[in-house]
Amino acid sequence: MSHKPDAFDNALEQLRIAAEHLELDDGIRQMLSEPKKVIRVAFPVKMDNGKVRVFKGYRVQYNDARGPYKGGIRYHPEVSLEEMKALAAWMTWKCSIADIPFGGAKGGVVCDPKHMSQGELERLTRRYTSALGDAIGPDVDIPAPDVYTNAQTMAWILDTYSQFKGRMVPAVVTGKPVSLGGSLGREAATGRGAAICTREAGKIKGMLLKGATFAVQGYGNVGSNFATILEEMVGAKMIAASDSKGGIYSKKGLDPKKVLAFKEKTGSVVGFPGVREITNGELLETECDVLCPAAFENVITAEVARKVKAKMVIEAANGPTTPEADKILERNKVLLVPDILANSGGVMVSYLEWVQDLERLRWTEEQVNTTLESKMTSAFNHVHEEATTRKVSMRTGALIVGVGRVADAVKTLGIFP
Ligand code: GLU
């Protein structure tokens, strides 16, 4: 599941398509084609073996015309500046489609968290946070979990930032533990939002989802919540799942909760009893109704797209489909719900968490889920309307809505001085 470093080229190509439809003038296009600020840090961490290692980290702050920067922090050996730029651009359009008052950002540290101890990860996180300094903050830029970071990572960022400030600042991060001001429903929110999108996509495709089959690439937090919630919500059946170690397939169906329990115990879905083992590549080509890439960028290339048999692709990952693959899926009448819509449930609930922290409120899980449900369906419907009116794909419709609102904000703010 490796991703090539050309994700930002894909993001720029998508921006170009949206800009054409929106007839944006050249100045605005240029302003949206570059991140406003790029922070690059290198910092030392004491490793368990007593040696010091220097790590490289980034925070790309793409655009804040609609509100403070917002976006996750990723720990992965293949993190690069170009990848962060792409992910930060997508966060910008995503928050705009979700209609929440945030801009877009993304951060990451080049490291291999699977081969680091908790102590090493804690020291890395604290030192990265101190290196970012006042570049983050509740009114400036609010990080959240992304690939291989979680609520504990957010707790360390919150503590480090708060130590410097001399007071607790819970609103500096979202996706933190509930005991520290995190929101109920945040952990499952990205998967839940993607499940809601699948249900809505089923309606527009006239597809009965009860008993429909689905495959999930990347059985992490997002993929496993998507599977569990989709099964509960519409009675669909998971037949394939994978993670970085490989995949599993069962025509009879896989119980999402049992697969998760197995992965939590053994570290992988591979080895789950009574199934056929498949590769991550085979998973994408599985005969199924719904395909959910929930791992990395650029996994559905043109070559893969030709072999996709699913009727719907729900992009729970960021950037899983290349622009060339998009065209092929569209030609083959595969209904694709794009990342910046399909996985926006996470940042929608991040927004609810931030509001609760700033206002010293505590909402029930039901309140959060009800708000997510209504925000998600209205974003979905808005994008679908745009796509239908302009006779374009859901991807292009989403980009038109997302980029369009940011462009409006940029234009209306004007240029200082
Ligand atoms: N990392 C998630 C994403 O890509 C969540 C971002 C957030 O909640 O700020 O959407």
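What counts as what
Residues numbered from 1 in each chain as written. Predicted model: local features only at pLDDT ≥ 70, side-chain atom pairs only at ≥ 80, totals over all residues. Heavy atoms only, no water. Helix = DSSP H or I, 4+ residues; strand = E, 2+ residues; numbered from the N terminus. Rg over C-alpha atoms; globule rule 2.2 N^0.38 Å. Buried < 20%, exposed > 50% of the residue type's maximum accessible area, 1.4 Å probe, protein only. Contact = heavy atoms within 4.5 Å. Areas by Shrake-Rupley, 256 points an atom, 1.4 Å probe, with all protein chains shown as cover. Lys, Arg positive; Asp, Glu negative; His and termini not counted. Charge placed at Lys NZ, Arg CZ, Asp CG, Glu CD. Near = heavy atom within 4 Å. Nonpolar A, V, L, I, M, F, W, Y, C, P; charged D, E, K, R; others polar. Phe/Tyr/Trp six-rings, centres within 6.5 Å; stacked < 30°, edge-to-face > 60°. Pairing = 2+ DSSP bridges. Axes fitted to C-alpha atoms, helices over the stretch in contact; angles between N-to-C directions. Polar contact = N/O pair within 3.5 Å; in protein donor to acceptor, adjacent residues only side chain to side chain. Salt bridge = Lys/Arg side-chain N within 4 Å of Asp/Glu carboxyl O. Parallel < 35°, antiparallel > 145°, perpendicular 65-115°, else oblique. Left-handed = near helix turned anticlockwise from the far one by under 90°. Core = buried A, V, L, I, M, F, W, Y, C linked by side-chain atoms within 4.5 Å.

Draft legend 1. Spotlight on the overall build of the chain. Looking only at helices and strands, the chain has 15 helices and 12 strands in total. Taken against the 2.2 N^0.38 rule, which gives 22 Å for 417 residues, the C-alpha radius of gyration of the chain at 20 Å falls within 12% of a compact globule. The principal-axis extents of the C-alpha atoms in the chain amount to approximately 55 × 55 × 40 Å. The proportion of buried residues among the 417 residues of the chain is 60%. If you take every contact in the chain between residues at least 6 apart in sequence, the share linking residues at least 24 apart comes to 69%. For the chain, the accessible surface area stands at approximately 17,200 Å², while carbon and sulfur atoms represent 52% of it. Separation of charge centres in the chain, based on 54 positive and 50 negative side chains, amounts to 2 Å.

Draft legend 2. Representation of the site of the ligand in the model. Taken together, 14 residues lie around the ligand, and Lys70, Lys94, Lys106, Asp146 and Ser350 are the ones closest in. With the chains in place, 94% of the 300 Å² that the ligand exposes on its own is no longer accessible. Where the shell around the ligand is concerned, the elements lending two or more residues are strand S3 (69–76), helix H3 (81–97), strand S5 (141–145) and helix H13 (345–359). Class assignment for the residues of the shell around the ligand results in four nonpolar, five polar and five charged.

Draft legend 3. Molecular detail of the packing of aromatic side chains. Within this structure, the stated rule accounts for nine aromatic pairs. Measuring from ring centre to ring centre gives 6.4 Å for phenylalanine 8 and tyrosine 62, while their planes differ by 65°; the resulting arrangement is edge-to-face. Here the residue phenylalanine 8 occupies a position in helix H1 (residues 7–22), and tyrosine 62 occupies one in strand S2 (residues 52–63), the gap between them amounting to 54 residues. An aromatic cluster of three or more residues is present, and its members are Phe8, Tyr62 and Trp93.

Draft legend 4. Layout of the sheet that holds strand S1 (residues 37–46). Pairing is mixed in the open sheet, where five strands are placed in the order S1-S2-S4-S3-S5. The open sheet terminates on both sides in strands that have one partner only, identified here as S1 and S5. The mean angle between the axes of side-by-side strands here comes to 25°, regardless of whether they run parallel or antiparallel. Sheet analysis places S1 next to S2, joined by 10 bridges and oriented antiparallel. Bridged to proline 44 within S2 is valine 54. Taken strand by strand, H3 contacts S1, S2, S3 and strand S4 (104–110), and its axis lies near 35° from that of S2.

Draft legend 5. Quick look at the side chain of glutamate 200. Take glutamate 200: it is sitting in helix H6 (residues 186–205). The buried category is assigned to glutamate 200, whose relative accessible area is 7%. A polar contact is formed between the side chain of glutamate 200 and the side chain of lysine 203, at a distance of 2.8 Å. If we ignore the near neighbours within four places in the chain, the residues touching glutamate 200 are Thr377, Phe380 and Asn381.

Draft legend 6. Representation of the pairing of S5 in the model. With four of five residues buried, S5 is to be regarded as a mostly interior element. The sheet contact formed by S3 and S5 spans five bridges and is parallel. Bridge pairing in S5 links lysine 70 to isoleucine 142.

Draft legend 7. Main features of the pattern of salt bridges. If you walk through the whole model with that rule in mind, you get 26 salt bridges. Note that arginine 199 and glutamate 373 form a salt bridge whose closest N and O atoms lie 2.7 Å from each other. Pair noted here: arginine 199 is in helix H6 and glutamate 373 is in helix H14 (residues 365–390), with a separation of 174 residues, a long-range link. Judged by its relative accessible area of 18%, arginine 199 is buried. Of the charged contacts in the structure, one is a salt bridge between arginine 395 and aspartate 326, with a shortest N-O distance of 2.7 Å. One end of the pair, arginine 395, is in helix H15 (residues 394–413); the other, aspartate 326, is in helix H11 (residues 323–331), with 69 residues separating them in the sequence. Looking at arginine 395, the relative accessible area reads 5%, which means it is buried. In the salt-bridge network here, residues are joined through shared partners; they are Arg74, Glu83, Lys106, Asp146 and Glu297.

Draft legend 8. Structural context of the packing of helix H7 (residues 221–234) against helix H8 (residues 256–266). Two numbers describe how H7 lies on H8: the axes approach to 9 Å, and their chain directions differ by 160°. By the angle between their directions, the pair H7 and H8 is classed as roughly antiparallel. Between H7 and H8 lies a crossing of left-handed hand. Residues Ser224, Ala227, Thr228, Glu231 and Glu232 of H7 lie in contact with H8, whose contacting residues are Pro256, Lys257 and Leu260. Of the residues belonging to the contact of H7 with H8, the class tally is three nonpolar, two polar and three charged.

Draft legend 9. A look at unusual backbone geometry. A cis amide bond links phenylalanine 416 with the next residue in sequence, proline 417, at an omega value of 5°. Here the phi dihedral of aspartate 99 falls at roughly 55°; this positive angle occurs in a residue that is not glycine. Take aspartate 99: it is sitting in the loop between H3 and S4. For arginine 360, which is not glycine, the phi torsion reads 55° and is therefore positive. Position of arginine 360 relative to the elements: it lies in the loop between H13 and H14.

Draft legend 10. Examining the nonpolar core more closely. Residues Leu32, Trp93, Phe214, Phe226, Met238 and Leu341 are the most contacted members of the largest nonpolar core, which totals 90 residues. No other element matches the 10 residues that H3 contributes to this core. Those residues within four positions of methionine 238 in sequence are excluded, and the remaining contacts are Phe214, Val216, Tyr219, Ala227, Gly253, Leu254, Pro256 and Val259. With 25 residues, the next largest nonpolar core counts Ile73, Ile136, Ile157 and Tyr161 among its residues.

The quantities given are spatial measurements derived from coordinates; they are silent on function.
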